[in-house]
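Residue-level structural notes
What follows is each chain in one-letter form.
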Amino acid sequence: MTDIRFHINGKEHIVPGNLPLTTSLNEYLREQAGLNGTKVMCKEAGCGCCAVTVTNLPADSKTLETYSVQSCLTPLYAVDGWQISTVEGIGNQSEGFHPIQERIAKFNGTQCGYCTPGMVMNMYGLLHQKAHITAQDVEDSFDGNICRCTGYRPILDAMKSFSEDAHIPGRKSIDIEDLNKNLCPKTGETCPGTCSGRSLDLKVNGACWYRPTSLEELCNVMKVNNDKKIRLVFGNTSSGIFKNEGPFEIYVDLHQVKELFWFETLETDVKLGAATTLTHFLKRLRGHQEKPGFKYFSQIHKHIKVVANVMVRNSGCIAGNLMIKNHHNEFPSDIFTTLEAAGANVEVFDVKTSEKQTISLLDFVKLNMRNKVLIAVILPRLAEGIVYRSFKITPRWQNAHAYVNAAFKIPVEEQVIQGRPSIVLGGINADMIHATKTEDFLTNKSLSLAVVKEAYCILRDELVPTESPLESSSKYRKDLAGGLLYKVLLGICNSKSQRLQSGSENLHRPVSSGLQTYQEMKSEFPLKHAMPKKTSPLQASGEAVFVNDMPKFQHELFAAFVLADEGSATIESIDASQALAIPGVTHFFSAKDAQHNEFPSPLAPRLFASKEVLYNGEPLGMILAETPALAKEAIQKVKVTYSEIRSPILTIEDSLAQNKEFVNRRKTNVVGNPDDAWKSVDQIVEGTVSMGSQYHFYMETQVCLAVPSEDGIDLYASTQNSDNCQAAASHVIDQPMNYVNITVPRVGGGFGGKSLDSCTLAAGSTLGAYLSKRPVRLSMDLSTNIRSLGKRPPYKATYKAGFNKDGKVQVIEIDMMMDVGYHEGSSYFTVYSLSYMDMCYYVPNWKVTGRSMMTNKRFMVAVRAPGSVPAALICESIFEHVARALNKHPILLKELNLYEPDQTDLSGHVLKNCTVRELWRRLKDTAEVDARIRQVDAFNQENLWKKRGITMTTCKYGMIYFGSGHGATVTIFARDGSVQVSQGGVEMGQGLYTKVAQGVAHILGVPIENIKVRPNQGIISPNNIVSGGSIASESSMQAAIGAAEILKERMQPIREKFPDADWKELCQKSGASKVDLTARFLNKHEMGTPYCNYHTYCVAVTETEVDILTGEFQIRRVDIMADYGESLNPMIDVGQTEGGFVMGLGCFLTEDTLFDGKNGRILTDGTWNYKPPTTKDIPIDWRIHLLPDTPNPSGVRSSKATGEPSIALSVGGLLANKMAVENARKDLFDKDDFIPVVAPFTVERTQQSVGLSENLLTL
Ligand SMILES: Cc1cc2nc3c(=O)[nH]c(=O)nc-3n(C[C@H](O)[C@H](O)[C@H](O)COP(=O)(O)OP(=O)(O)OC[C@H]3O[C@@H](n4cnc5c(N)ncnc54)[C@H](O)[C@@H]3O)c2cc1C
Ligand code: FES
Ligand code: FES
C-alpha cells in the first residue's frame, strides 16, 4: 500500500505515502490542503484552536461516531478512512454560515478570532455527541479551548443558546440537517463509514506505519520488528506532554485492533478494552454507577471528567494514559490513582509468548512493557459499606494536571475501619503509590479525633515529595495530602456540625450566567449601537486571514531562532556547521550578518546576542530551512560554546543584593508633606506586596513574513506597531524605510506584546529574506515565544500607611521595585505605576518611589494596563491592610476614602468629572453589597473549612493621547457608493475596525454594510503610533470620521443640487463632477497635562469562596460598573471589560512564571505548566453595567477608552480569597493578621497561607 485516503469536508484526499510519518493532521490541513481555517498554536493539546471533528467507525461498533479532536496531535496516517470536518467546511461566506458560526458572531464571542474556529468545531463535535444538550453540557465541554480575549462569557452564551434549558435570548436547538453537512461522495448520503477500518502497511523514509486489524496481526508486526524502535499509537495525545520521545522506526496504529475494544460486565467485575477512549470510559462509568457494587463509579466519573480536556478524552485511551505512568512513574496519572485505589487489575498480552496475564496495577507500573500490549482493565465490584473518594487538586479549575491527586477506598462500618484501607497518591514522587504506613495505621481502627490526628501526621511524615522548581513545594503537597485524608475521615465521621462538614465537601461550581446592562444612543446609530464585530462571521468560519494563513510563496524558507541556554554568559563560539549539513537547511545568520544588530531607541535593544548573553532564551542566531520541521531540527544542532558562565540574577531580591538597580531611572513623587503627616496620624501599618510576571498568551504567536520584491521587501507582520517593525526591518539591513512595504493583515491578540517585541521578528525575517533573497517566514512556536520575548514585569513594594481612627488615610509611602530585565528601556512603566498608585482613593500626602532593577531576563514589555495592574494590587492591598488594622470591612473603609469630584490626584490632575463615588454608590446598591457582606459573615460563621470573602476594587485609568495620533484614508467608490477605509490602527480583537466603520457610516449616513475597513498597510497608512494604551480605537475612529467629514463636505454642493438623489446616485454624480472621493485625515490629538486627557473609572464587587484544606477557590460573583462615557459600541466595550477582567484573574491567581535558578531558563514555557484562565475560572455570576447618561467631554464623541481599565479590578479575586483565608486563620488561631500580598495567589499559596497543622483538626 502506498497511500492513505480520507475525506475532508466531503472531498476525498489521497495522500501518497511520502509525508513523514510524524506529520500531524493539522500540518496536512494547513500546509498541504490549504485549509487554513483550522489554526495552530501550542501543538500540545492545551489550547484547542486546532480543533476539527472526525467521523469514523470505532472497531467495536456499527455506528459512526463524530467527535472533536485536536488536529495538532492527531497523526495524519491515523485518519485513513475517516471523515474530517473543518471550520470552513461546515459553513462559509459563499455557501452560508453554520448556525454555530452565526451564533458565536452574533453573541460577540469573537475578538481577535484566533481561538474561534476551535470553539466552533468543538461545539460541532459536542452537538454530534448529543444534539439535545443542556447548559451544563456546554460548560463541561469547553475545558480545552483557551480564549485570551473574550473572558469566555459570550462564547458560553452563544453555545448555550443551543441548549434545552439555558435562559438565553435567541435560544434554539440545532436542526439535525445542520449536523451532517458532509455527505459521502460515493453514496451521496451521510457517510456510512465503510471506508474506515482497513489495515495499513506503509513505508516512508525507512520508517513504517502499520494498522493491524486484529491482535494476531498486531503481534506479527511487533514480532517481525522486534529489534526496532516501536511506537504503539492510539490518540497520540501523550506527545503533547512528552514531546521528545522518538523518532521511531515502527508506528503501529491500534484503532482497528478489535480485541482492544470491548466491554463486559461480569459477576465480580467490569472489564473494558484498553483502547476505550476516556470519553467512552466516562459513558460506561455513568451507565453502571447505580448498579450494586459499582456506586464508586460515580466518583471515578467525576474525577475523569477533569482529566485533560474534552478533546484529549475523545481521542486518548485508558491504555495510553496508563502507559504514560508505566514509562514515567512520576506522572500524576489520574486514571492510575483512581483505578489502583479501587483495586483494579489490567490484562497484558505478551507478544513473544502470545499469553495474557492479569496483574495488579502496582505490578503493571513496574513491568517492562517492551513486546507487550495492554489489553484490558478490570474494575472490581466493591462490597457495600466501602467508602470510595477521589480528589484532584489543580492550579486552575480544569485542564490542568494535579499538584496532588488521591483516591481512598476505606471499608468502614459505624466509624470503624474494617480491615485495610487503600490510600493512593499521585504527584508526590516516582515511587510513591500507596501511603502504606498510613494504611497500616488505619487498619481496623476505630475513628476518633486522636486517630485522625495521628493518621494525618503519619501520612505527612511518610511522604517525600520530589523537589523540583516546576512542582509545588514539598510542604504544600504534604499538607494537601493530609488535608485530603482529613476530608475523607471527616466525611466518614459525618459530624452533625455543618461547620465541620464544610471540610468534607468539595467546592461545587454551578452553571455560570451573565448580565449586561448599557445605554445606546439611537440618535447616533450606527455609532453607539451595541453591535457585534463586522468581521466575526469570517473569524468564525476560519476565513479571516492571519499572517501565518497566507499561502506559501515560491521558494519560501522557514526561520527558527537559536536560543541561548544560559542566563548570563560570554559566547566563545557559535558553530552551525552540523545544522547546515542537514539537507534542506540553507542558512545560518547571527549578529555579524546584520548591518546593524543594535537598534536605536525606542526599538528593541538588539536583534541577536553577539558577545554577552544577557538572558536564557536570548536569540543568538537564526536558521533558515525548506520546512519548519527541518528548521526546528537544525537549531538543535547549532553548537554554542561559552567562555564564561555566570549565575543569572532572576529576582528583585538578588538584583538588590548585587546592587543592580538602574539608579538613573529612580523616580520619586511627593505630594503634600508626608514627613509632617506621619506625626499626626493615629495609627500606621506596614507591609509588602509582590507580584510575578505574566505572559501575554496571545493565541496567535508572533509571526512575520518577509518577501523580497523587485525593489525592496514586502513585510507581512502581526504587530501592534507597524511603524516600529518597518524601522527595525530597514535598519537591520541598512536600507531606508521605503525599502520595506509593510502590511498587517490582522493580529491574533496583542495585549502589548506585539508592540516592541514584533520588531525582533520583523528584523529577523527581513534580514533572512534580504540575505537569502528568498521569502522567509518566521513563526514562533509557543516555547520559543515564551522563552525569548518580553513579559509583564514582576514588582515588589514595601509600604507604610498612616491613618486616623475614623478610617481616613492621611499618608502613604511606597518603595516599589520593578524587575525591568536586562535593559532599562521599560523603566518608564514605573512612571505609570507611580502616577496610578492612588487608584480611586484620596490621600493628602504621598511619597512614592519607583526603582528599576536589572535581572537576567528579556527586557520587560507592556502587558495590558502595564502601569495600573501593579498599582491596583499595591494600592488596594494597602487599603485592605488599613481596614484590617481598624477592624472595619474594607468596603466601608475604601468608601470613606474615595475621591470626590474636583479633588487633585497623586499626579496633579484635578478630577473634574470624577464619577467614582457615583459608580460606587450605584454598584453597592445594585449588587446588594450590604446584604451580601452579612451573608458572607453568616456563611463564615457556619463553616470552618470553607470561607468566603467579598470586597470592592476600583480603577482610575488615566487615558493619554500620546504620540502623533492615527491617520485614516476613506474612499467612496463613485460607481456604487461602497466605501473603503484604510487607517493606521491595528485590529487585534478590540473591535477597532467595527468602531471605525460605525463612525464613517454615521457621518456619511450610509448603512454600515456599505463600509469595508481594510488591513493596515504602510503604503496608505504610514507613520502611525502603536495601537496600544487603549487609545487606538478612539483615535482611528476619529481619524476616519475626519476623512469622512471631508468627503461629505466635498459632496455637499452635489447634494444641494440633487437633494432627492439616493446615496448611490449622489456618489455617481459626485464622481461625474470630478469630486475627489478619497480623503485622508490625521487625528492630531493634543496630549493632556500632566500626561492625561481624561480618566476612565470603574468599580467592581468580587465575592469568592475558598476550600481552606486544599486552597482551591472559585469566583462566586462579580459585579462591575464602568463609566465609559457614551460607549461607541456597548457590546464591544462590555467584551473588553470581560476580557480584561479574566486576564487579570490569570495575573493575580493562576499564571505563575517559574525559572530554573541555575541557568535562568523559563520552565513554564507551554500549556502544560502555564495556566491562563479557562471557561470555569470565570465568575459564576457575572453582571456588568455601563454607567448611563455620562458623556465624556474630553473623549472622542463623548466616549471613553475601555481596553485596559477592567484588568485592574480583578485584584478583587486575590483580595477576597485572602480575606477568606484570614477569616479561617481567625477561627483557627484567633489571629487578626493581614497576610502579605503575593500575586499570583495560586491555589498553593492560598492553602499555604492558612498554616494548617494536626492541632487544628477537629471531629
Ligand atoms: C493537554 C493534556 C492534558 C492532560 N491532562 C491529564 C490529567 O490531568 N490527568 C491525567 O491522568 N492525564 C492527563 N493527560 C494524559 C492523557 O490522559 C493521555 O495523554 C491519554 O490518555 C493518552 O492516550 P492516547 O491514546 O493518546 O495514548 P498515545 O499517546 O497514543 O500513547 C501513549 C503511550 O501509550 C502506549 N500505548 C498506547 N496504547 C497501548 C497499548 N494498548 N498497549 C501498550 N502500550 C500502549 C504508546 O505506545 C505510548 O507510549 C493529559 C494529556 C494532555 C495532552
Ligand atoms: S494547537 Fe492544538 S491544542 Fe493548541
Ligand atoms: S478571540 Fe479568543 S483568543 Fe482572541
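None of these values were measured; they are calculated from a predicted model. (Residues numbered from 1 in each chain as written. Chains lettered and ligands numbered in written order. Predicted model: local features only at pLDDT ≥ 70, side-chain atom pairs only at ≥ 80, totals over all residues. Heavy atoms only, no water.)

Some words on the overall build of the protein chain
- A tally of regular secondary structure across the protein chain gives 37 helices and 44 strands.
- The globule rule puts the C-alpha radius of gyration for 1259 residues at 33 Å, and the 31 Å found for the protein chain is close to it.
- Along the first, second and third principal axes, the C-alpha set of the protein chain runs to 90 × 80 × 70 Å.
- Partitioning the contacts of the protein chain with sequence separation of at least 6, the portion at a separation of at least 24 is 76%.
- A total of about 43,000 Å² of accessible surface is found on the protein chain, and carbon and sulfur atoms cover 49% of it.
- Each charge sign in the protein chain was given a centre, from 132 positive and 139 negative side chains, and these centres are 0 Å apart. (Helix = DSSP H or I, 4+ residues; strand = E, 2+ residues; numbered from the N terminus. Rg over C-alpha atoms; globule rule 2.2 N^0.38 Å. Contact = heavy atoms within 4.5 Å. Areas by Shrake-Rupley, 256 points an atom, 1.4 Å probe, with all protein chains shown as cover. Lys, Arg positive; Asp, Glu negative; His and termini not counted. Charge placed at Lys NZ, Arg CZ, Asp CG, Glu CD.)

A few points about the sheet that holds strand 26 (residues 667–671)
- The strand order across the open sheet formed by 6 strands is 26-34-33-32-27-44, and the pairing between neighbours is mixed. The two strands at the open ends of the sheet, each matched to only one other strand, are strand 26 and strand 44 (1237–1239). On average, each strand axis in the sheet is tilted by 10 degrees relative to the strand beside it, whichever way the strands run.
- One ladder, built from 5 bridges, connects strand 26 with strand 34 (residues 845–854); its direction is antiparallel. When the sheet's bridge partners are listed, V670 is paired in strand 34 with K847. (Pairing = 2+ DSSP bridges. Axes fitted to C-alpha atoms, helices over the stretch in contact; angles between N-to-C directions.)

Let's talk about the UniProt feature "binding site: Mo-molybdopterin" (unreviewed entry) in the protein chain
- When the UniProt feature table is mapped to this numbering, "binding site: Mo-molybdopterin" (unreviewed entry) covers Q720, F751, R864 and G1029. Maximum C-alpha separation among the annotated residues is 12.6 Å over a sequence range of 310 residues, consistent with a single clustered spot.
- Summarising the element assignment, F751 is placed in the loop between strand 30 (740–744) and helix 24 (758–772).
- The residues contacting F751, other than those within four sequence positions of it, are R148, C149, H696, Y698, Q720, A862, V863, R864 and M1143.
- Its place among the elements puts G1029 in the loop between strand 39 (1016–1017) and helix 32 (1032–1057). (UniProt positions renumbered as here; feature names shortened; annotations may be inferred.)

Details of the site of ligand 1
- Among the 34 residues in the neighbourhood of ligand 1, the closest are listed as L232, T237, S238, D334 and K392.
- In this structure, an oxygen atom belonging to ligand 1 sits 2.9 Å away from a side-chain N or O atom of N321.
- Interatomic distance of 2.6 Å between a side-chain N/O atom of D334 and a nitrogen atom of ligand 1.
- When the free accessible area of ligand 1 is taken as 970 Å², the share hidden by the protein chains comes to 97%.
- For the shell around ligand 1, the secondary-structure elements that each account for two or more residues are strand 8 (230–233), helix 10 (310–315), helix 11 (318–327) and strand 14 (372–380).
- Top element by residues in the shell around ligand 1 is helix 11. It accounts for 6 residues.
- Of the residues assigned to the shell around ligand 1, the class counts are 19 nonpolar, 11 polar and 4 charged. (Near = heavy atom within 4 Å. Polar contact = N/O pair within 3.5 Å; in protein donor to acceptor, adjacent residues only side chain to side chain. Nonpolar A, V, L, I, M, F, W, Y, C, P; charged D, E, K, R; others polar.)

Regarding the UniProt feature "binding site: FAD" (unreviewed entry) in the protein chain
- Feature annotation in UniProt assigns "binding site: FAD" (unreviewed entry) to the following positions: L374 and K392. Sequence-wise these annotated residues cover 19 residues; spatially they are dispersed, their C-alpha atoms as much as 25.1 Å apart.
- Along the chain, L374 turns up in strand 14.
- Apart from residues no more than four positions distant in its own chain, L374 is found in contact with L260, A274, A319, L322, V346, E347, V348, F364 and M369.

Notes on helix 3 (residues 99–106)
- In terms of residue burial, helix 3 counts as a mostly covered element, since 6 of its 8 residues are buried.
- For helix 3, every residue scored as buried is listed here: P99, I100, Q101, R103, I104 and A105.
- For helix 3, the secondary structure elements touched by its buried residues are helix 2 (87–90), helix 4 (116–129), helix 6 (153–160) and helix 18 (536–540).
- The first or second residue beyond helix 3 is N108, which carries a positive phi of 60 degrees. (Buried < 20%, exposed > 50% of the residue type's maximum accessible area, 1.4 Å probe, protein only.)

Quick word on the packing of aromatic side chains
- Under the counting rule described, the total for this entry stands at 32 aromatic pairs.
- With 5.9 Å between their ring centres and 50 degrees between their planes, F1141 and W1182 make a pair best called tilted. You can see F1141 sitting in helix 34 (residues 1130–1150) and its partner W1182 sitting in strand 43 (residues 1181–1186), a full 41 residues away along the chain. By the burial criterion, F1141 is buried, and W1182 matches it.
- Taken together through their ring pairs, the aromatic side chains of Y828, F829, Y832, Y836 and Y957 make up a single cluster.
- Above the face of the F162 ring, R103 is positioned so that its terminal group lies 3.9 Å from the ring centre. (Phe/Tyr/Trp six-rings, centres within 6.5 Å; stacked < 30°, edge-to-face > 60°. Lys NZ or Arg CZ within 6 Å of the ring centre and 35° of its normal.)

Some details on the sheet that holds strand 12 (residues 345–350)
- An order of 10-11-14-12-13 is seen for the 5 strands of this open sheet, with the pairing classed as antiparallel. Both edges of this open sheet fall to strand 10 (263–265) and strand 13 (355–360), since each of them pairs with a single strand only. Averaged over all neighbouring strand pairs, the angle between strand axes comes to 20 degrees, with direction disregarded.
- Alignment of strand 12 against strand 14, held across 6 bridges, turns out to be antiparallel. What sits directly across from V346, in strand 14, is V377.

Overview of helix 4
- Its 14 residues place the ends of helix 4 20 Å apart at the C-alpha level, agreeing with the 20 Å of an ideal helix rising 1.5 Å per residue.
- Of all 14 residues in helix 4, 12 are buried, a share of seventy percent or more. (Expected span 1.5 Å × (residues − 1).)

Section: unusual backbone geometry
- Residue P247 follows G246 across a cis peptide bond; omega there is 5 degrees.
- Locating P247 in the fold gives a position in the loop between strand 8 and strand 9 (250–253).
- In this structure, the amide linkage connecting F525 to the following residue, P526, adopts the cis form with an omega of 5 degrees.
- With respect to the helices, strands and loops of the structure, P526 is situated in the loop between strand 19 (513–517) and helix 18.
- Notably, M839 is not glycine yet its phi reads approximately 45 degrees, a positive angle.
- As for its placement among the helices and strands, M839 is situated in the loop between helix 26 (828–836) and strand 34.
- You can call M839 buried: its relative accessible area is 0%.
- Even without a glycine there, the phi angle at N887 is positive, about 55 degrees.
- Note on placement: N887 falls in the loop between helix 27 (868–886) and helix 28 (890–897).
- Overall, the relative accessible area of 61% leaves N887 in the exposed class.

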